[in-house]
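# A look at the structure
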Amino acid sequence: MLIGVPKEIKNNEFRVGLTPNSVSELIHHGHQVYIEKEAGTGSGFSDQEYQQVGATILKTPTEIFDAAELIIKVKEPQACERSLLKAKHTLFTYLHLAPDLQQAEDLLASQACSIAYETITNASGQLPLLLPMSEIAGRMSVLQGAYYLQKSLAGRGVLISGAPGVEPATVVIIGAGVVGSNALQIASGMGARVLILDKNIQSLRVLEQRYGNRIQTFYANRENLVSCLKLADIVIGAVLVAGDNAPKLISRKDLSLMKPHSVIVDVAIDQGGCFETSHPTTHQDPVYSIDNITHYCVANMPGAFPRTATEALNNATLPYALELADKGIQHTLLTKPFIREGLHTWKGQLCNEAVAKAQNRRFVDAETALKL
């Protein structure tokens, strides 16, 4: 199969779809790989490293899209990239399509096949291609929250760990899944007081058994959420509904419950955000303030650590890329139901029910669409 890797062009996005090691593996399986010039530079991979394992370097994204059948990226295609998509293409990347009506419109119009990393599942019901980036984003969320507590950055002037004789910051984490549990690991390790809420009692039980009285767990109802907000120096939104818009759990009115100059980190922003006052920001301009509450809402958080994030992502995505390339797109999607869960568009049909519901579009079951 002809595989193309364009350079990521989203603001301050330095990850790359394939590492040289992944390219080597794909070429070993008999595939041809095209890499856009300097696509890997931001992650520390030179064009020479790709050439040494057999990749062909092309100068422009147009050349990549013209040459390739399977396009492997990291972030959702930007408008200029979507204009290059054709019916021959399969796009394999993060899409986060539910809140992005224009992207959905363009993907459907292109007639291309699009497969989203974030909705592929496994036998355990996990999201294996979302998992590594959720781990990194969860860990980052505490670091960013702690950073923006600095007084010089309009924060409360509270050190997350406290000091001898001085209480630490209180970190409230909404959601005890992958993002939340990784945020908890870092916050607890930094010495913060940690409060975590979830509706899954088993998830809370596991965390309590692991951390004991170093943390406090709460069932996620309205009363408990309000009580925790009043105590918070940092609030981390770590709620996920696979493929769908994140639920809005905190309203603008709720901000008045929080301490002035505390920090919100909305990790769910790439699915629309779980705070009413959230809107996407970039690494270049990551925060804004509403009602004296700092909001950090960067939609591609792991892009800040591209070497780590790219290698972690490739560890997860390469087996799926090999499956698609080795056995063919349609055959793989028809015979591998867990991969089929990632199918969003096929020949102009929208095949993800959560996205269709969020955008009020016509939904066609993926298996049905593939047989049309």
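Below is a short write-up of the structure. Keep in mind the model is a prediction, meaning the values are calculated, not measured.

## Side note on unusual backbone geometry
We note that Ala-154 has phi near 75°; this positive angle belongs to a residue other than glycine. Among the structural elements, Ala-154 can be located in the loop between α6 (131-147) and β7 (170-174). One non-glycine residue with positive phi stands out, namely His-261, at about 70°. By secondary structure assignment, the location of His-261 is in the loop between β10 (234-237) and β11 (263-266).

## Brief notes about the sheet that holds β7
As summarised here, the arrangement of the 7 strands in space is β9-β8-β7-β10-β11-β13-β12, forming an open sheet in which the pairing is mixed. Of all strands in the sheet, those with a lone pairing partner are β9 (215-219) and β12 (287-290), marking the two edges. Neighbour-to-neighbour, the strand axes of the sheet open up by a mean angle of 20°, direction not taken into account. Taken together, the 3 bridges between β11 and strand β13 (residues 293-296) define a ladder with parallel strand orientation. Bridging from a neighbouring strand, Val-263 pairs with Thr-294 of β13. Sheet strands in contact with α6 are β10, β11 and β13, and its direction is about 150° off that of β10.

## Overview of the pattern of salt bridges
In the structure shown here, the tally under the stated rule is 17 salt bridges. Here Glu-105 makes a salt bridge to Arg-361, at a shortest N to O gap of 2.9 Å. Of the two residues, Glu-105 is situated in helix α5 (residues 101-110) and Arg-361 in the loop between α13 (353-359) and α14 (366-371); the sequence distance between them amounts to 256 residues. When the shortest N-O distance is used, the salt bridge between Arg-340 and Glu-367 registers 3.8 Å. Here Arg-340, found in helix α12 (residues 337-340), pairs with Glu-367, found in helix α14; they are 27 residues apart in sequence, far enough to count as distant.

## Thoughts on the sheet that holds strand β14 (residues 343-346)
The mixed open sheet is built from 8 strands, whose spatial order is β3-β2-β1-β4-β5-β6-β14-β15. Since the sheet does not close on itself, it has two edges, and those belong to β3 (56-58) and β15 (349-350), each with one partner. Pairing of strand β6 (residues 113-116) with β14, which is carried by 2 bridges, proceeds in the antiparallel orientation. Pairing of Ser-114 across the sheet is with Thr-345, part of β14. The sheet strands contacting helix α10 (residues 306-327) are β1 (2-5), β4 (70-72), β5 (90-93) and β6, and the helix crosses β5 at an angle near 170°.

## A short note on the pairing of β13
Going residue by residue along β13, you find Ile-293 and His-295 tucked away on one face and Thr-294 and Tyr-296 tucked away on the opposite face as well. Bridge analysis of β12 against β13 gives 4 bridges, and the strand direction is antiparallel. Following the sheet pairing, Ser-289 is matched in β13 by Thr-294. Adjacent in sequence and paired antiparallel, β12 and β13 are bridged by 2 residues, among which Asp-291 carries a positive phi angle near 50°.

## Regarding the environment of Leu-131
Tracing the backbone shows Leu-131 in helix α6. Once the C-alpha coordinates of Leu-131 and Leu-313 are considered, the two residues, 182 residues apart in sequence, prove to be 8.8 Å apart.

## Re the environment of Gly-272
Residue position: Gly-272 is located in the loop between β11 and β12. Taking the C-alpha atoms as reference points, Gly-272 and Ser-22, 250 residues apart in sequence, are found 31 Å from one another. Every residue in contact with Gly-272, bar those within four places of it in the chain, is listed here: Pro-99 and Lys-248.

## What about the packing of α6 against α10?
Two elements in contact, α6 and α10, have axes whose closest approach is 8 Å; the angle formed by their N-to-C orientations is 150°. Of the possible angle classes, the one that applies to α6 and α10 is roughly antiparallel. Contact residues: α6 offers Pro-132, Met-133 and Ile-136, while α10 offers Thr-308, Ala-309, Ala-312, Leu-313 and Ala-316. Tallied by class, the residues present in the contact of α6 with α10 amount to 7 nonpolar, 1 polar and no charged.

## Description of helix α7 (residues 178-189)
For α7, built from 12 residues, the straight-helix expectation of 16 Å at 1.5 Å per residue is met to within 8% by its first-to-last C-alpha distance of 17 Å. Among all positions of α7, only Val-179, Gly-180, Ser-181, Asn-182, Ala-183, Leu-184, Ala-187 and Ser-188 are buried. Along its buried surface, α7 packs onto α6, β7, β8 (193-198), α8 (201-211), β9 and β10.

## A closer look at the environment of Phe-92
Mapped onto the elements, Phe-92 comes out in strand β5. Looking at Phe-92, the relative accessible area reads 1%, which means it is buried. Considered as a pair, Phe-92 and Pro-128 are 36 residues apart in the sequence and their alpha carbons are 14 Å apart. Apart from the residues within four sequence positions on either side, Phe-92 is in contact with Leu-70, Ile-71, Ile-72, Lys-73, Ile-115, Tyr-117, Ile-120, Leu-129, Thr-317, Tyr-320, Ala-321 and Leu-324.

## Quick notes on the packing of α6 against α7
For the pair α6 and α7, the least separation of the axes is 7 Å and the interaxial angle reads 40°. Taken together, the axis directions place α6 and α7 in an arrangement best described as oblique. The two elements α6 and α7 meet at a crossing, and its hand is right-handed. Taking contact as the criterion, the partners of Leu-131, Ser-134, Glu-135, Gly-138, Arg-139, Ser-141, Val-142 and Leu-143 in α6 are, on α7, Val-178, Val-179, Asn-182, Ala-183, Gln-185, Ile-186 and Ala-187.

Conventions adopted
- Residues numbered from 1 in each chain as written.
- Predicted model: local features only at pLDDT ≥ 70, side-chain atom pairs only at ≥ 80, totals over all residues.
- Heavy atoms only, no water.
- Helix = DSSP H or I, 4+ residues; strand = E, 2+ residues; numbered from the N terminus.
- Pairing = 2+ DSSP bridges.
- Axes fitted to C-alpha atoms, helices over the stretch in contact; angles between N-to-C directions.
- Contact = heavy atoms within 4.5 Å.
- Salt bridge = Lys/Arg side-chain N within 4 Å of Asp/Glu carboxyl O.
- Buried < 20%, exposed > 50% of the residue type's maximum accessible area, 1.4 Å probe, protein only.
- Parallel < 35°, antiparallel > 145°, perpendicular 65-115°, else oblique.
- Nonpolar A, V, L, I, M, F, W, Y, C, P; charged D, E, K, R; others polar.
- Expected span 1.5 Å × (residues − 1).
- Left-handed = near helix turned anticlockwise from the far one by under 90°.

Everything listed here is a matter of geometry and, on its own, says nothing about what the molecule does.
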